[in-house]
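Structure at a glance
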Amino acid sequence: MIRDAAREFAQNELLPGVIERDEKQHFPDSLVKKMANLGFMGIMVNPKYGGSGMDTISYVLVMEELSKVDASAAVIVSVNNSLVCYGLEAFGSEYQKQKYLTKLATGELIGAFCLSEPEAGSDATSQKTSAIDKGDYYLLNGTKNWITNGGRADVYLVIAQTDKEKGSHGINAFIVEKGMKGFHVGPKENKLGIRGSDTHTLQFNDVKVPKENRIGDDGFGFKFAMKTLSGGRIGIAAQALGIAQGAYELALKYSKERKTFGTEISNHQAIAFKLADMHTEISAARHLVMKSAWDKDQGKNYDTSSAMAKLYASKVAMKQTVEAVQIFGGNGFVKDYHVERLMRDAKITQIYEGTSEIQKIVISRSILKE
Ligand code: CAA
């Protein structure tokens, strides 16, 4: 039912304006409201905090269907669910849940997750953003880059260094509200893909963050980020899966309509074999994504399975969207047929929430310590 609801919404509501939103870099404001009404902004959050109370498998099904049509809308959902709502529900105080989670889960507010910096994207412990303990509040200074929902968000989870000497143990996560004095939203990035999403640089100049807005015990920020990102990687793996599946479905349909040399191109083995590879690899990716979601739902450790799902699904998305463009030939190179956008959107899934190389670090460390 949840998959069908997401599919129907994607086909009826996301599809009509998706080319224009991509071209003009328009954030889908009214569509985010509709997704909120469907419960997609807080899918896994307990209903007592305003969420839909569903599991990670349901979340993955929604992410795949949205991403088949509009990966930009999907990443707005993913960041709000995985990085912001999950982070607050799992590790926030009751005060923080009542004040922020209840509104983020219903989509009344939008959230952003701020870890990356000009010199700390992959190397996440090298945070330059600092938060100095001033008694009742922390004084926050620094710059964050590549922040999804950066301009549209109301609530920002900001990772900052509080004690340089302590390395990863001297990092904390803070809840920062838009409108706090000294918080500035910088320019919007002009991106290759997911152009309908809103990516900004953020600046913090002597922002006073109340003590009660620190998440967890002092020094918990790095672990908070790592644990939250593990779940985020399941969402991005599902996004990659959806992008690949969307391109495959379009290519399959087109191959049965387009004729060359007197027959539909699907009758040429060169095309049929591409479709066979696409279907096989996308199915394998789906198994990894579902396994990781299942691990999380079962309360098992999902750090490695989410890294594997993201690594493989993003690779398949990139490879198979290129193949879809090839099947469409010249038509694949123009915007009306959607596959060129899916190809551009696929690339980010190999970069954000940890590059493919970071996923390999996570996976290889886990194999080697076994
Ligand atoms: N869960 C809990 N704790 C964890 C953990 C996890 N998954 N991963 C690491 N830790 C703990 C370690 O156990 C260690 O704790 P102790 O010191 O107590 O033993 C501590 O954290 C430090 O760990 P490491 O020594 O492994 O840290 P590292 O510096 O070697 O980094 C890394 C490991 C995996 C490379 C990590 O830096 C990483 O994941 N980097 C990528 C970050 C990332 O994904 N950035 C993307 C930005 S977010 C984004 O894209 C959002 C968006 O808007 C879409």
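Each remark here, short or long, concerns the structure printed above.
Here goes a summary of the coordinates provided. (Residues numbered from 1 in each chain as written. Predicted model: local features only at pLDDT ≥ 70, side-chain atom pairs only at ≥ 80, totals over all residues. Heavy atoms only, no water.)

A look at the overall build of the protein chain
Helix and strand content of the protein chain: 11 helices and 10 strands. Whereas a compact globule of 370 residues would reach a radius of gyration of roughly 21 Å, the protein chain reaches 21 Å, a difference of no more than 12%. If one aligns the C-alpha atoms of the protein chain with their principal axes, the spans along those axes are about 80 × 50 × 40 Å. Within the protein chain, the proportion of its 370 residues that are buried is 55%. In the protein chain, the share of contacts with a sequence separation of at least 24, taken over all contacts with a separation of at least 6, comes to 73%. Of the side chains in the protein chain, 47 bear a positive and 44 a negative charge, and the two mean positions are spaced by 1 Å. (Helix = DSSP H or I, 4+ residues; strand = E, 2+ residues; numbered from the N terminus. Rg over C-alpha atoms; globule rule 2.2 N^0.38 Å. Buried < 20%, exposed > 50% of the residue type's maximum accessible area, 1.4 Å probe, protein only. Contact = heavy atoms within 4.5 Å. Lys, Arg positive; Asp, Glu negative; His and termini not counted. Charge placed at Lys NZ, Arg CZ, Asp CG, Glu CD.)

Digging into the pattern of salt bridges
For side chains of opposite charge, pairing can occur when their charged atoms come near one another. Applying the stated criterion across every chain, the model contains 22 salt bridges. The shortest N-O distance in the salt bridge between Glu-177 and Lys-99 comes to 3.4 Å. With a gap of 78 residues between them, Glu-177 in strand 5 (residues 171-177) and Lys-99 in helix 6 (residues 94-105) connect regions that are remote in the sequence. Glu-340 is the partner of Lys-335 in a salt bridge, and the nearest nitrogen-oxygen pair spans 3.6 Å. According to the relative accessible area criterion, Glu-340 is buried, its value standing at 11%. (Salt bridge = Lys/Arg side-chain N within 4 Å of Asp/Glu carboxyl O.)

With respect to the site of the ligand
Near the ligand there are 25 residues, and of these Ser-122, Thr-148, His-169, Glu-353 and Arg-365 occur at the shortest range. Here Lys-223 contributes a side-chain N or O atom positioned 2.9 Å from an oxygen atom of the ligand. With the chains in place, 74% of the 1100 Å² that the ligand exposes on its own is no longer accessible. Looking at the shell around the ligand, the element that brings in the most residues is helix 7 (residues 221-257), giving 7 residues. Here the residues of the shell around the ligand are counted per class, giving 10 nonpolar, 9 polar and 6 charged. (Near = heavy atom within 4 Å. Polar contact = N/O pair within 3.5 Å; in protein donor to acceptor, adjacent residues only side chain to side chain. Areas by Shrake-Rupley, 256 points an atom, 1.4 Å probe, with all protein chains shown as cover. Nonpolar A, V, L, I, M, F, W, Y, C, P; charged D, E, K, R; others polar.)

Remarks on the side chain of Thr-199
Position of Thr-199 among the secondary structure elements: in strand 7 (residues 199-210). Note on Thr-199: relative accessible area 5%, which makes it buried. Polar side-chain contacts of Thr-199 include one of 2.9 Å to the side chain of Lys-191.

A word on the environment of Ile-351
With respect to the helices and strands, Ile-351 occurs in the loop between helix 10 (339-348) and helix 11 (356-369). Note on Ile-351: relative accessible area 43%, which makes it partly exposed. Along the primary structure Ile-351 and Ser-314 are separated by 37 residues, whereas in three dimensions their C-alpha atoms are 9.0 Å apart.

Topic: the packing of aromatic side chains
Per the stated rule, a full pass over the model turns up 11 aromatic pairs. Site record: aromatic cluster; members linked through ring pairs are Tyr-86, Phe-91, Phe-220 and Phe-224. (Phe/Tyr/Trp six-rings, centres within 6.5 Å; stacked < 30°, edge-to-face > 60°.)

Looking at the packing of helix 5 (residues 71-91) against helix 7
Here helix 5 crosses helix 7 at 155 degrees, and the two axes come no closer than 9 Å. If you check the angle between helix 5 and helix 7, you find them roughly antiparallel. Considering how the two elements wind past one another, helix 5 and helix 7 form a crossing that is right-handed. Taken together, the residues of helix 7 that come into contact with helix 5 (itself represented by Ala-71, Val-75, Ser-78, Ser-82, Leu-83, Tyr-86, Gly-87 and Phe-91) are Phe-224, Lys-227, Thr-228, Leu-229, Gly-231, Gly-232, Gly-235, Ile-236, Gln-239 and Ile-243. Within the contact of helix 5 with helix 7, the residues separate by chemical class into 9 nonpolar, 8 polar and 1 charged. (Axes fitted to C-alpha atoms, helices over the stretch in contact; angles between N-to-C directions. Parallel < 35°, antiparallel > 145°, perpendicular 65-115°, else oblique. Left-handed = near helix turned anticlockwise from the far one by under 90°.)

Quick word on the pairing of strand 7
Note: strand 3 (residues 137-148) against strand 7, 9 bridges, orientation antiparallel. Directly across from Thr-143, in strand 7, lies its bridge partner Gln-203. By the bridge criterion, 4 bridges tie strand 6 (residues 183-188) to strand 7 in an arrangement that is antiparallel. Residue Phe-183 lies in a different strand from strand 7, and its bridge partner there is Phe-204. (Pairing = 2+ DSSP bridges.)

Points about the pairing of strand 5
Of all 7 residues in strand 5, 6 are buried, a share of seventy percent or more. Here 7 bridges tie strand 4 (residues 155-161) to strand 5, and the two strands are oriented antiparallel to one another. Residue pairing for strand 5: Val-155 is matched across the bridge by Glu-177. As paired elements, strand 5 and strand 8 (residues 214-215) share 2 bridges and run antiparallel to each other. When the bridges of strand 8 are listed, Phe-174 appears paired with Arg-214.

Structural notes on helix 6
Residues Gln-96, Lys-97, Tyr-100, Leu-101, Thr-102, Leu-104 and Ala-105 constitute the buried set of helix 6. In this structure, the buried residues of helix 6 make contact with helix 5, strand 1 (111-114), strand 4, strand 5 and strand 8. A positive backbone phi angle near 85 degrees is found at Gly-107, which sits one or two residues after helix 6.

Some points on the packing of helix 4 (residues 56-69) against helix 8 (residues 269-297)
Packing of helix 4 against helix 8 leaves a shortest axis separation of 8 Å and a crossing angle of 145 degrees. Each of Thr-56, Ile-57, Val-60, Leu-61 and Glu-64 in helix 4 lies in contact with helix 8, whose residues at this interface are Arg-286, Val-289, Met-290, Ala-293, Trp-294, Lys-296 and Asp-297.

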